[in-house]
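What the coordinates show
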Amino acid sequence: MAAVVGKAAAMIGFPQAYLEGKELKETSSLVTELCRHFYTQGWVSGTGGSITMKVHDASIPKAEQLIVMSPSGVQKERMQPEDMYILSANGSIISSPSPKPYPNKPPKCTDCAPLFMKAYEMRNAGAVIHSHGMESCLVTMLNPQAKEFRITHMEMIKGIQGHGYYDELVVPIIENTAYENELTDSLTKAIEAYPKATAVLVRNHGVYIWGDSWIHAKTQAECYHYLFDAAIKLHQLGLDAATPDHGPIRRTIHSQNQISTKRSVKSGVTDSQNQTDSPQRCIVLDIEGTTTPITFVTDVLFPYARENVGKHLNLTYDTAETQEDIKLLRSQVEEDLRQGVTGAVPIPDADEGKENVIAAMVSNVEAMIRADRKITALKELQGHIWRTGFNCNELKSVVFEDVAEALEKWHSSGIKVYIYSSGSRLAQRLLFGNTNYGDLRKYLSGFFDTTIGNKKESRSYKEITETLGVDDPSEILFVTDVYQEATAAKAAGLEAIISIRPGNVPLPENHGFKTVTTFSQI
């Protein structure tokens, strides 16, 4: 096979060592090995399902690497390395397997090829798995109208790229077609619409899963199948996989006559535009000045981070997490220096000594905290420092007295509640997990931070809308104390209410937003 590949691929500029090296043979062997394993899992039985992966070589850019794909219509557990198809990075077949005698069918590249190529092109994947596992099929049937699969608060969510235990995992569902390649357009649209997704479910059919490497794709596939199976079993028990406590499935019925002007007047909600309420499926809450006093952040959290940054860096300097924090902050400071930001000082490279690096880090962090910078690099480091404080019981977070009761009420009503704060997702989880009213994370479906966008930009709220999967942005209610954030959310189509709490910045006159002084008014 190497000679055939070498002759066909030499014309497109691959080094001869890559074409004839062990990597190509090992990749073909690995595909057959994994297919045998997946067969035992029930993912590729009856000749269904498929797998593909790139031929890794550090000297070849990933986008240009050769691709190995399994054939179509064959017993996946009986495939041999010589049965594989070899494709160029643009999807052209450069090597096909030789025909086998009856009763084997003539060789044919997998019908999944155009869908696999979309994952390679749009997500820079290193491997893609197409499974016909029973759980991936049944989970799409639980709600025939659902366009997404959702689950939260399950340990195996941590195995999915970019997700933690407290996050809500969302997987788009597309409709099946008679022929595999006819799914290409709908899969493409799903990948575009869900930029954080690493899988797409096909109703009554199966699932496509991709990862940076074969190990990553395999790990995620195992986690996805576990979560699909868990959701099916929870559904059989009448429990909801998409809520934090996995309580009984609720059928929320919104009735306009339940929402009256009387209720708004009695609750003390002011509506300067005389708008009528509309039912919300989701509530997104700010933290500082909304759920939590500003003074707790400015007088407790910020000083703790400022006073402990040097100690934290000294104790954890050699860990991968802290090295990543240093890398992020160094990149931010380099940009600050180019922009002439006050207080920015260069952070030296590691070879100039640990003490010098830490001293520069401390100086920059102190300046950033004084300026109340809302930047990811600072917030990530602060979250790690606060984690130590909460773990050592040196910190206890504070929420307003109406918050816990409101979260419990909304949760019981089937309304999903999310947090959107400039603090990192880790910091948010720490805050709500260690409050003066206990652990409130069981009432929260997910967390957003500035990695999704600046809170004063409308595109951030459009991203949140897409992530939550609501059909109409107005089905999301955003509550904040900051006028500019409410304005950005409104521009994205969300409903917005401004929280009036002690110590909050005064609002401009004629701001045009509803205001509340307590969550009981919502």
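So, how was this worked out
- Residues numbered from 1 in each chain as written.
- Predicted model: local features only at pLDDT ≥ 70, side-chain atom pairs only at ≥ 80, totals over all residues.
- Heavy atoms only, no water.
- Buried < 20%, exposed > 50% of the residue type's maximum accessible area, 1.4 Å probe, protein only.
- Helix = DSSP H or I, 4+ residues; strand = E, 2+ residues; numbered from the N terminus.
- Pairing = 2+ DSSP bridges.
- Axes fitted to C-alpha atoms, helices over the stretch in contact; angles between N-to-C directions.
- UniProt positions renumbered as here; feature names shortened; annotations may be inferred.
- Contact = heavy atoms within 4.5 Å.
- Polar contact = N/O pair within 3.5 Å; in protein donor to acceptor, adjacent residues only side chain to side chain.
- Salt bridge = Lys/Arg side-chain N within 4 Å of Asp/Glu carboxyl O.
- Core = buried A, V, L, I, M, F, W, Y, C linked by side-chain atoms within 4.5 Å.
- Patch = residues over 30% accessible without salt bridge, like charges linked within 9 Å, V, L, I, M, F, W, Y side chains within 5 Å.
- Areas by Shrake-Rupley, 256 points an atom, 1.4 Å probe, with all protein chains shown as cover.
- Phe/Tyr/Trp six-rings, centres within 6.5 Å; stacked < 30°, edge-to-face > 60°.
- Lys NZ or Arg CZ within 6 Å of the ring centre and 35° of its normal.

Brief notes about the pairing of strand E6 (residues 148-152)
- Counting buried positions along E6 yields five of five residues, so the element is predominantly enclosed.
- Residues Glu148, Arg150 and Thr152 line one face of E6 and the alternating positions Phe149 and Ile151 line the opposite face, and both faces are buried.
- Where E6 meets strand E7 (residues 168-174), five bridges bridge the pair, whose relative direction is antiparallel. When the sheet's bridge partners are listed, Glu148 is paired in E7 with Pro172.

Observations concerning the sheet that holds E7
- Judged by pairing direction, the sheet is mixed, and its nine strands sit side by side in the order E4-E3-E2-E1-E5-E9-E8-E7-E6 without closing on themselves. Each edge of the open sheet carries a strand with a single partner, namely strand E4 (93-95) and E6. Averaged over all pairs of adjacent strands, the angle between strand axes in this sheet comes to 25 degrees, irrespective of strand direction.

With respect to the UniProt feature "binding site: Mg(2+)" (unreviewed entry) in the protein
- Summarizing the sequence annotation, UniProt attributes the feature "binding site: Mg(2+)" (unreviewed entry) to Asp286, Glu288 and Asp481 in the numbering used throughout. A maximum C-alpha distance of 7.8 Å places the annotated residues, which cover 196 residues in sequence, within one compact spot.
- Position of Asp286 among the secondary structure elements: in the loop between strand E10 (282-285) and helix H9 (294-316).
- Note on Asp286: relative accessible area 4%, which makes it buried.
- Once residues lying within four places of it in the same chain are set aside, the contact partners of Asp286 are Thr291, Tyr420, Lys455, Phe478, Val479, Thr480, Asp481 and Glu485.
- Of the polar contacts made by the side chain of Asp286, one reaches the side chain of Thr290; its length is 3.0 Å.
- Examined against the element boundaries, Asp481 turns out to sit in the loop between strand E13 (476-480) and helix H16 (483-491).
- Assessed through its relative accessible area of 10%, Asp481 is described here as buried.
- With residues up to four places along the chain from it excluded, the contact list for Asp481 reads Asp286, Glu288, Gly289, Thr290, Ile294, Ile498, Ser499, Asn504 and Leu507.

Looking at the pattern of salt bridges
- For the structure on display, the rule yields 24 salt bridges.
- In this structure, the salt-bridge partner of Glu175 is Lys147, at a minimum N-O distance of 3.6 Å. Residue Glu175 is found in the loop between E7 and helix H6 (184-193), and its partner Lys147 is found in the loop between helix H5 (134-138) and E6; the two are separated by 28 residues along the sequence.
- Through salt bridges that share partners, Glu148, Arg150, Glu168 and Lys416 make up one connected network.

Brief notes about the nonpolar core
- Judged by nonpolar contacts, the single largest core of 57 residues is most densely connected at Leu285, Trp386, Leu407, Trp410 and Phe432.
- Excluding residues that lie within four positions of it along the chain, Leu285 makes contacts with Thr291, Leu407, Trp410, Val417, Tyr418, Ile419, Tyr420, Val479 and Phe519.
- One finds Leu24, Leu169, Ala199 and Phe228 within the second-largest nonpolar core, a separate group that totals 43 residues.

Considering a nonpolar patch on the surface
- Together, Met134, Leu138 and Met141 give the surface a local cluster of nonpolar side chains, amounting to about 270 Å² of exposed area.
- The residue Met134 is located in helix H5 in this model.

Describing the packing of aromatic side chains
- In the structure shown here, the tally under the stated rule is 11 aromatic pairs.
- Between Tyr418 and Phe448 the ring centres are 6.0 Å apart and the planes differ by 40 degrees, which places this aromatic pair in the tilted class. A residue pair is termed long-range when its members are at least 10 positions apart, and Tyr418 in strand E11 (residues 416-420) and Phe448 in strand E12 (residues 446-448) qualify at 30 residues.
- Using a relative accessible area of 9% as the deciding quantity, one classes Phe448 as buried.
- The structure contains a cluster of three or more aromatic residues connected by ring pairs, namely Phe149, Tyr224 and Phe228.
- For Lys455, the ring lying beneath its charged end belongs to Tyr420, and the centroid distance is 5.4 Å.
- A cation over a ring is seen here: Arg501 above Phe519, with NZ or CZ 5.0 Å from the ring centre.

So, unusual backbone geometry
- Note the cis peptide between Tyr102 and Pro103, where omega equals 10 degrees.
- Mapped onto the secondary structure, Pro103 falls in the loop between E4 and helix H4 (113-123).
- Unlike most non-glycine residues, His246 shows phi in positive territory, near 50 degrees.
- Inspection of the secondary structure puts His246 in the loop between helix H7 (214-236) and helix H8 (261-267).
- Taking relative accessible area as the criterion, His246 reaches 14% and is therefore assigned buried.

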